[in-house]
Amino acid sequence: MVTLADVAQHAGVSASTVSYVLSGKRSISTSTRERVERSIDQLGYHPNAGARALASSKSNIIALMVPLRTDMYVPVMMEIAISVATTARAHGYDVLLLTGEEGPATVRRIEGSALADAMILMDVELHDDRLPLLRETGRPAVLIGLPADPSRVSCVDLDFAAAGALCVEHLARLGHRDIAVIGEAPAVYERHTGFAERTLAGLRERGRELGVRLLHRPCEGSYAAVAATLARVQEERPGTTAFVVQNEAATDPLLALLRQQRRAVPEDVSVMAICPDQVAAHASVPLTAVAVPAQELGRYAVEQVVAKIEGRGSDEVVLLAPELTVRESTGPRP
């Protein structure tokens, strides 16, 4: 392994001069700097990341906290994470992925070390217990999600309340007055996860305004769970003519069950979803859907946090407007 001393000997300078060239902490003549840089390139020297962090008080790493829970749709979380990683790399940062469910302990661990220059937090709850510590630390941070109190934090998210309202508006225009909402797993609501709670609030508020009856039922993503939820909806609200699904894993089982019952989509019943475009477009019946813009969320989060690291950013809330794509799964009330 090539060392800093090897570079110094090759360039004919002292080790401290090489260190100053790398850190930029002291003015070095152009000719000396160029000679050192040529030696670095020729020898293939890579500074030790830990030593570089100690020397510059920067690690060039962004910590991404994404608890991988069994009740969440992991492909969407990973799509956001990949977007964060690729955008961060374009800005010269690497990403440290933290997947545990440690809550405030993870924030404390990052703050108490030189592991990362900034943090991006996902799976944000309305009353997230990571936020008080996050506000105290002063370390640059951005939430992908919106808590009940977004003061003194930066957030980026889809406007899920508007997304829910958009779903009700679309179905109401088609004449539907009894709509069932197949939601996320019960644990998601028990944690008061922000995106799920806000979607439900938007659905209910717009439903009241338009005179639409809503029935919301949380649901695990398995075939058996969707079958039980559908049976319950049909028993409790036999007049249901449309479904809104906010549970990516439940979309295909729901469509399959409706086929088994010989209920044609959209002639007998309409189905729409809040999900990534690829899930909606590749369903057995292409779904009318409000897209979850996973890549955009990751990109915006990194751009916000990099601006904070560089002293250009301030606390702000960015909510992306929902976009509805009408496909083959929604039609007039039968």
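About the cut-offs
Sequence order sets the numbering: in each chain, residues are counted from 1 along the sequence as written. With the structure being a predicted model, the display of local features is reserved for residues of pLDDT at least 70 and the display and counting of side-chain atom pairs for 80 or more, all residues being used for whole-chain, interface and lining totals. By convention in this description, side-chain values take in all heavy atoms of the structure and omit both hydrogens and water. The rule is short: rings of Phe, Tyr and Trp, with Trp giving its six-membered ring, pair when the centres are within 6.5 Å, and they are stacked under 30 degrees, edge-to-face over 60, tilted in between. What counts as a helix is a DSSP run of H or I of at least four residues, what counts as a strand is a run of E of at least two, and both are numbered from the N terminus. Throughout, exposure labels follow a simple rule: accessible area from a 1.4 Å probe, protein chains only, divided by the maximum for the residue type, with under 20% read as buried, over 50% as exposed, and the rest as partly exposed. A ring is scored as having a charge over it whenever the NZ atom of a lysine or the CZ atom of an arginine sits within 6 Å of its centre and within 35 degrees of its normal. In this analysis, axes come from line fits to C-alpha atoms, helices being fitted only over the stretch in contact, and the angle between any two N-to-C directions falls in the range 0 to 180 degrees. Put simply, angles under 35 degrees are roughly parallel, angles over 145 are roughly antiparallel, angles from 65 to 115 are roughly perpendicular, and the rest are oblique. Two helices crossing with the near one rotated counterclockwise from the far one by less than a right angle form a left-handed crossing, whereas a clockwise rotation gives a right-handed crossing. Any two residues whose heavy atoms approach within 4.5 Å are treated as being in contact. Cavity: a set of points on a 1 Å grid over the protein atoms alone where a 1.4 Å probe fits but cannot get out. Pocket: an open set with protein on both sides within 12 Å along at least five of seven lines, its lining residues, like those of a cavity, having an atom within 4 Å of a point. Grid points are joined across faces, edges and corners, and a volume is the space filled by probe spheres set on the points. When residue character is reported, Ala, Val, Leu, Ile, Met, Phe, Trp, Tyr, Cys and Pro are called nonpolar, Asp, Glu, Lys and Arg charged, and the others, Gly included, polar. Whether two strands pair comes down to DSSP finding at least two bridges between them. Here, the term right-handed applies to a crossover whose path from the first strand over the helix to the second runs clockwise when the strands point away from the viewer. Taking the helix axis as origin, the arc is that swept by the directions to the C-beta atoms.

The protein chain is annotated in an unreviewed UniProt entry as LacI family DNA-binding transcriptional regulator from Streptomyces flavidovirens.

A. Looking closely at the packing of aromatic side chains. Enumeration according to the criterion identifies one aromatic pair in this entry. With a centroid separation of 5.6 Å and an interplanar angle of 50 degrees, the aromatic rings of F160 and F195 are classed as tilted. Of this pair, F160 sits in helix α8 (residues 160-173) while F195 sits in helix α10 (residues 194-210), and the two are 35 residues apart along the sequence. Across this residue pair, the class does not change: F160 and F195 are buried. The lysine or arginine in question, R299, covers the ring of Y300, its NZ or CZ lying 5.1 Å from the ring centre.

B. Seen up close, the packing of helix α1 (residues 4-11) against helix α3 (residues 30-43). Packing of α1 against α3 leaves a shortest axis separation of 9 Å and a crossing angle of 120 degrees. Relative to α3, the element α1 lies oblique. The element α1 and its partner α3 pack so that their crossing is right-handed. Contacts from D6, V7, H10 and A11 of α1 reach α3 at R35, V36, S39, I40, Q42 and L43.

C. A look at empty space enclosed by the protein. In the structure shown here, the tally under the stated rule is one cavity of 30 Å³ or more. Contributing to the lining of the largest cavity are 21 residues, with M72, V76, M77, F160 and F195 lying nearest its centre. Elements represented by at least two residues in the lining of the largest cavity include exactly α5 (74-90) and α10. Sort the elements by how many residues they give to the lining of the largest cavity and α5 lands first, with three residues. Each residue belonging to the lining of the largest cavity can be placed in one class, and the counts come to 14 nonpolar, three polar and four charged.

D. Structural view of the pairing of strand β9 (residues 270-275). The element β9 is largely enclosed, with a buried count of six among its six residues. Where burial is concerned, the two faces of β9 agree: the one with S270, M272 and I274 and the one with V271, A273 and C275 are both buried. Summarising the sheet, strand β8 (residues 242-245) and β9 pair through four bridges and their orientation is parallel. Note on β9: the bridge partner recorded for V244 is M272. Read from β8 through helix α12 (residues 251-260) to β9, the crossover connection turns out right-handed. Sheet topology note: the β9/strand β10 (residues 288-291) ladder contains four bridges and is parallel. By the bridge assignment for β10, M272 is matched with T288.

E. Representation of the environment of C155 within the structure. With respect to the helices and strands, C155 occurs in strand β5 (residues 154-158). Excluding residues within four positions of it along the chain, C155 makes contact with L143, G145, L146, P147, P150, Q304, E316, V317 and V318.

F. Structural view of the packing of α5 against helix α14 (residues 294-309). Across the interface, α5 lies against α14 with an axial gap of 8 Å and an inter-helix angle of 40 degrees. By the angle between their axes, α5 is oblique relative to α14. Here α5 runs over α14; the crossing is right-handed. Facing α5, whose interface residues are V76, E79, I80, S83, V84, T87 and A88, α14 presents A294, Q295, L297, G298, R299 and V302. Looking at the contact of α5 with α14, its residues break down into seven nonpolar, four polar and two charged.

G. Highlighting α1. Residues of α1 that are buried: V7, A8 and A11. Buried residues along α1 cover an arc of 100 degrees about the axis, so they all sit on one side. Two residues or fewer after α1 comes G12, characterised by a positive phi angle close to 70 degrees.

H. Broad picture of unusual backbone geometry. With an omega dihedral of 10 degrees, the bond running from V265 to P266 counts as a cis peptide bond. By the element assignment, P266 lies in the loop between α12 and β9. Even without glycine at this site, H192 takes up a positive phi of about 55 degrees. Mapping H192 onto the fold places it in the loop between α9 (186-190) and α10. Note on H192: relative accessible area 39%, which makes it partly exposed.

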